[in-house]
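# Examination of the molecular architecture
What follows is each chain in one-letter form.
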Amino acid sequence: MTLEQFFKEHPKTAIAFSGGTDSSYLLYMAKQYAEETVAVYMKTPFQPEFELEDARHFCTDHDIPIIIMEYDILQLEPVAANPADRCYYCKMALFTQIRSAADEKGFPCVADGTNASDDAADRPGMRALKELGIFSPLRLSGITKDQVRDKSRKLGLFTADKPAYACLATRIPTGTRITAEILKKVEQAETALMELGFYDFRVRVLENGARLEMKKEQIPLLLENKDDIFSLLQPLFGEIYLDFEARG
């Protein structure tokens, strides 16, 4: 199945939109092939502010309507407690809200940006999508992450080379309770590091501090800014550890 075929079969499709590379490409293709589409962005404590800015920017650029919904996902104990299958409960809650909004607007089909590179065996959230009847057209079409980026570059989409940015909850170890306070600290730290020029990195929360994962090629930038980095991160987390292996 091609994306064109998918959208011909589902002419009114709402796209669960994060502002990332995958959902941006999918939304753009829905604009080309579906009779009608709409982006639905779920604003939660798990998303940094810049993701919403990118989502708005993309929809404005391509004249696509966007619905912005707010949901305090931390009110759900199975999510805040942060068990190994947290993503299942999170996706169930958020996509139930998205499906409800889509139904209200007259969109019988809801699709997300899961691609053919995503490992279903390692994604409890995919089980929730299946149970809710959410489609993943990129996956159905066999389109991988690398292909999404390549196609997005050819189309001139500004999201083509946007680094993957998993939700902030992934920075907190399984079993450690998630709070709005710790999420804000992670967002503050990562936003500041991006402003210094770092990319494709993570600030992982530890019991006694935080671990900064970054690529080896960014060591010169780290050395250049080490005083600023530590003055920023230490008041937030205490001990700061560097890991150049985790991100390759």
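Our subject in this report is the structure included herewith. In this convention, every chain numbers its residues from 1, walking through the sequence in written order. The predicted nature of this model means local features are confined to residues of pLDDT at least 70 and side-chain atom pairs, given and counted, to a pLDDT of 80 or more, with totals for whole chains, interfaces and linings taken over all residues. Side-chain figures throughout are based on the complete set of non-hydrogen atoms in the structure, without hydrogens or water.

## Here we look at the nonpolar core
Note on terminology: a nonpolar core comprises buried Ala, Val, Leu, Ile, Met, Phe, Trp, Tyr and Cys residues joined through side-chain atoms within 4.5 Å. For every residue, the accessible area obtained with a 1.4 Å probe (protein chains only) is divided by the maximum for its type, and the residue is called buried under 20%, exposed over 50%, and partly exposed between those limits. In this structure, Phe46, Ile73, Val203 and Phe237 are the most contacted members of the largest nonpolar core, which totals 50 residues. Here the element with the most residues in this core is helix 5 (residues 86–105); it accounts for seven residues. Note on contacts: a residue pair qualifies if any of its non-hydrogen atoms lie within 4.5 Å across the two residues. Ignoring any residue separated from it by four or fewer positions in sequence, one finds Phe237 in contact with Ile182, Lys185, Val186, Ala189, Val203, Val205, Asn208, Gly209 and Ala210. Listed in part, the 25 residues of the second largest apolar core include Tyr28, Ala34, Ala55 and Phe58. Going along the chain from the N terminus, every DSSP run of H or I of four or more residues is numbered as a helix, and every run of E of two or more is numbered as a strand.

## A word on the sheet that holds strand 2 (residues 36–43)
Between any two strands, at least two bridges found by DSSP are needed for them to pair. Spatial ordering of the open sheet is given by 3-2-1-4, a layout of four strands whose pairing is parallel. Edge positions in the sheet fall to strand 3 (66–70) and strand 4 (109–111), since each has one partner strand and no second. Neighbour-to-neighbour, the strand axes of the sheet open up by a mean angle of 25°, direction not taken into account. Strand direction decides the pairing type here: strand 1 (residues 12–16) and strand 4, joined by three bridges, are parallel. Bridge pairing in strand 4 links Ala14 to Val110. Packed on one face of the sheet, helix 3 (residues 49–61) meets strand 2 and strand 3 and runs near 165° to strand 2. Angular values range over 0 to 180 degrees, each being the angle between N-to-C directions of two axes fitted as lines to C-alpha atoms, with helices fitted over their stretch in contact. Helix 5 rests against strand 1, strand 2, strand 3 and strand 4 of the sheet, and its axis sits at about 145° to strand 2.

## Focus: helix 3
Each residue after the first adds 1.5 Å to the expected span of a helix. Look at helix 3: 19 Å from first C-alpha to last across 13 residues, which is about the 18 Å you get at 1.5 Å a residue. All of the buried residues in helix 3 are Phe50, Glu51, Leu52, Asp54, Ala55, Phe58 and Cys59. Taken together, the buried residues of helix 3 touch helix 2 (21–33), strand 2, strand 3 and helix 9 (180–195). Residue Asp63 follows helix 3 closely and has a positive phi angle near 55°.

## Structural notes on unusual backbone geometry
Glycine aside, a negative phi is what most residues show, and trans is what most peptide bonds show. Residues other than glycine seldom take positive phi values, yet Asp63 does so here, at roughly 55°. Structurally, Asp63 is set in the loop between helix 3 and strand 3. Residue Asp63 is classed as exposed on the basis of its relative accessible area of 60%. In this structure, Asn82 takes a positive phi of about 60° despite not being glycine. Positionally, Asn82 belongs in the loop between helix 4 (77–80) and helix 5.

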